[in-house]
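Working through the structure, step by step
So the chains spell out like this:
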Amino acid sequence: MSTAKSSVDGMLLFEQPFARVPYENYRKVFRASQRNIEKELGSVLSLSNDLQKRSAANEGSLEEAVKAVDGVIGRVENLKRKLSDLQENNGKPTLDVIQERLNHLANLETLPTTNCADFSRWADTRLDRWLVDWALRGGRHQTARTLAQERGIETLVDIDLFMDIHRIESALRRHSCAEAIAWCSENKTALRKIKESSKLRHTLEFELRLQEYIELARARKKQEAMTYWRKYLISWQETHLTQITESSALLSFPPSTKCGKYKRLYDDSRWTSLIQAFRLAAYTLNSLSTEPLLNLALYAGLAALKLPACYDHNPNVNCPVCDPNIRVLANEVPYSHHANSTIVCRLSGKIMDEDNMPMAFPNGYVYSREALEEMAAKNDGKVTCPRSNHTCDFSALKKVFIS
């Protein structure tokens with residue numbers, strides 16, 4: 001039971017973003033509701049206090065008081081309508097997604113073993129999710145959407161999130177910072193709460209503001225650039241004083257300048273850095289890994305299977321790492337560490353243990369008893385070593401005991 005529990009815990013390590021993304025979406029719905037409540041109730045409270053003061057001072061007529069009360073009621077009804085629409089169009093669908101994803105993860109806890117058919121179906125769904133994630137990160141959005149629809153897993157994947165990230169990255173490629181700045185403003189509270197997030201947000205938002213200033217300088221709009229510098233950059237002096245000081249002299253240098261520090265500011269490669277910084281911030285906010293989950297799972301599996309024997313001249317046909325195509329990927333991962341060795345038969349690919357004992361040829365090569373018995377049954381009691389081509393009677397083989 002403890003082994004099964006550990007296995008479940010290990011699989012759930014990959015699922016943090018699976019549950020985190022819809023939570024972040026619902027947090028945005030909650031914040032929007034909170035802003036509406038604070039705005040409308042603030043006005044209602046102000047009108048109520050004003051009405052109370054006028055009543056205490058015997059000022060105003062009854063008609064004016066009724067009109068003021070009607071105004072308060074109208075604001076409350078307007079607030080109720082806004083909150084209802086927000087809940088119906090955004091809140092409830094997001095809660096449904098959260099519930100479905102939690103149910104999907106809860107199903108894993110109820111499975112008796114990883115060898116049952118239900119687990120195979122659960123694992124197939126997980127693989128489909130990872131394939132959609134891989135396609136979305138690679139910009140293959142239509143492929144991801146088609147796969148999700150065919151598998152019926154639209155609520156289990158984050159197509160809308162990656163489409164939004166792609167939209168902002170596309171704007172940065174078009175040299176527009178407005179969308180990314182709006183994203184920073186919308187998520188500033190959440191970014192501030194994440195470990196190291198304040199640094200992420202501050203760096204990204206400042207660099208975006210700096211880039212807009214640079215583009216004004218590039219266009220030689222000096223007056224607009226100076227106004228922008230005073231309004232948006234000077235407030236960052238506590239954390240970015242050096243960059244602010246350098247940027248203040250940028251207007252004195254044309255885009256064609258050969259001066260090192262200002263040539264770097266005008267360099268278009270800054271846009272690539274901004275895209276990478278935004279992507280890192282977006283992934284961090286939603287607990288997304290920088291690598292696709294499919295890649296991480298593949299690396300983990302290869303690291304668990306990779307052995308020096310995989311690079312011998314006689315590969316095991318049942319070993320994924322021995323496959324020439326997969327072996328290229330395995331070059332990047334370390335060899336697996338086994339406290340206790342597991343001996344696998346080269347003929348059958350099955351583990352050799354007390355139920356399938358290793359048998360040795362006279363020349364020392366070892367294979368499993370089951371594989372050799374099957375070979376002897378087909379060859380009148382004769383067995384042949386596939387590596388040395390040595391042939392002998394099955395009775396000439398010796399049992400091998402491993403201590």
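Anything mentioned here points back to the structure above.
If you're wondering where the values come from, they're calculated on a predicted model, not measured in any experiment.

1. Focus on the overall build of the protein
Each helix and strand counted, the protein has 16 helices and 5 strands in total. Since a compact globule built from 403 residues should have a radius of gyration of about 22 Å, the 33 Å found for the protein marks it as more spread out than a globular shape. Evaluated residue by residue, the protein yields a buried proportion of 34% over its 403 residues. By sequence separation, contacts in the protein at least 24 residues apart represent 61% of the contacts at least 6 residues apart. Just so you have it, the protein exposes about 24300 Å², and 53% of that area is on carbon and sulfur atoms. Across the protein, the 55 positively charged side chains and the 50 negatively charged ones have centroids separated by 7 Å.

2. Let's talk about the packing of helix H5 (residues 141–151) against helix H6 (residues 159–173)
Contact geometry for H5 and H6: axes closest at 11 Å, N-to-C directions at 170°. By the criterion of interaxial angle, the relationship of H5 to H6 is roughly antiparallel. Here H5 contributes His141, Ala144, Arg145 and Ala148 to the contact with H6, which in turn contributes Ile159, Phe162, Met163 and His166. Among the residues forming the contact of H5 with H6, the class breakdown is 5 nonpolar, 2 polar and 1 charged.

3. So, the packing of aromatic side chains
Across all of its chains, the model carries 8 aromatic pairs by this definition. In this structure, lysine 306 is placed above the aromatic ring of tyrosine 335, and the distance from its NZ or CZ to the ring centre is 4.7 Å.

4. Notes on the side chain of serine 289
As for its position among the elements, serine 289 is in the loop between helix H13 (269–285) and helix H14 (293–305). Here glutamate 291 takes part through its backbone oxygen, which lies 2.4 Å from a polar atom of the side chain of serine 289. The residues contacting serine 289, other than those within four sequence positions of it, are Arg137, Tyr283 and Leu296.

5. Section: the pattern of salt bridges
Enumeration over the complete set of coordinates arrives at 20 salt bridges. We note a salt bridge from aspartate 118 to arginine 121, for which the minimum N-O separation is 2.1 Å. One end of the pair, aspartate 118, and the other, arginine 121, are both in helix H4 (residues 117–137), 3 residues apart, so they sit about a helical turn from each other. Exposure remark for aspartate 118: the relative accessible area of 41% places this residue in the partly exposed category. Via salt bridges that share partners, Arg20, Glu24 and Arg27 belong to a single interconnected network.

6. Observations regarding the sheet that holds strand S2 (residues 366–368)
What holds strands together in a sheet is hydrogen bonding between their backbones, with the strands either parallel or antiparallel. Reading across from one edge, S2-S1-S5 is the order of the 3 strands in this open sheet, with antiparallel pairing throughout. Looking at the sheet topology across the chains shown, the edges are occupied by S2 and strand S5 (398–399). Pairing between strand S1 (residues 358–360) and S2: 3 bridges, direction antiparallel. The partner of proline 358 across the bridge, within S2, is serine 368. Against the sheet, helix H16 (residues 369–378) touches S1, S2 and S5, its axis set at about 85° to S2.

7. A word on empty space enclosed by the protein
Throughout the structure, instances matching the rule amount to 1 cavity of 30 Å³ or more. There is about 140 Å³ of room inside the largest cavity. Taken together, 14 residues make up the lining of the largest cavity; nearest its centre are Arg129, Asp133, Leu156, Asp158 and Leu293. Elements with a minimum of two residues in the lining of the largest cavity: helix H2 (16–56) and H4. Here the lining of the largest cavity is built from residues that sort into 10 nonpolar, no polar and 4 charged.

8. Some words on unusual backbone geometry
Although it is not a glycine, serine 287 adopts a positive phi angle of roughly 60°. We note that aspartate 380 has phi near 55°; this positive angle belongs to a residue other than glycine. Looking at the secondary structure, you find aspartate 380 in the loop between H16 and strand S3 (382–384).

9. Notes on the nonpolar core
Ranked by size, the top nonpolar core spans 53 residues in total, and within it Val132, Leu172, Trp183, Leu208, Tyr213, Leu250 and Phe278 carry the most contacts. The contacts of leucine 172, once residues within four sequence positions are left out, are Cys177, Ala180, Leu208, Trp271, Leu274, Ile275 and Phe278. In this structure, Met352, Tyr367, Cys385 and Phe394 belong to the second largest nonpolar core, which totals 14 residues.

The rules behind these values
- Residues numbered from 1 in each chain as written.
- Predicted model: local features only at pLDDT ≥ 70, side-chain atom pairs only at ≥ 80, totals over all residues.
- Heavy atoms only, no water.
- Helix = DSSP H or I, 4+ residues; strand = E, 2+ residues; numbered from the N terminus.
- Rg over C-alpha atoms; globule rule 2.2 N^0.38 Å.
- Buried < 20%, exposed > 50% of the residue type's maximum accessible area, 1.4 Å probe, protein only.
- Contact = heavy atoms within 4.5 Å.
- Areas by Shrake-Rupley, 256 points an atom, 1.4 Å probe, with all protein chains shown as cover.
- Lys, Arg positive; Asp, Glu negative; His and termini not counted.
- Charge placed at Lys NZ, Arg CZ, Asp CG, Glu CD.
- Axes fitted to C-alpha atoms, helices over the stretch in contact; angles between N-to-C directions.
- Parallel < 35°, antiparallel > 145°, perpendicular 65-115°, else oblique.
- Nonpolar A, V, L, I, M, F, W, Y, C, P; charged D, E, K, R; others polar.
- Phe/Tyr/Trp six-rings, centres within 6.5 Å; stacked < 30°, edge-to-face > 60°.
- Lys NZ or Arg CZ within 6 Å of the ring centre and 35° of its normal.
- Polar contact = N/O pair within 3.5 Å; in protein donor to acceptor, adjacent residues only side chain to side chain.
- Salt bridge = Lys/Arg side-chain N within 4 Å of Asp/Glu carboxyl O.
- Pairing = 2+ DSSP bridges.
- 1 Å grid on protein atoms, 1.4 Å probe; cavity = no way out; pocket = protein on both sides within 12 Å on 5 of 7 lines; lining within 4 Å.
- Points joined across faces, edges and corners; volume = space filled by probe spheres on them.
- Core = buried A, V, L, I, M, F, W, Y, C linked by side-chain atoms within 4.5 Å.

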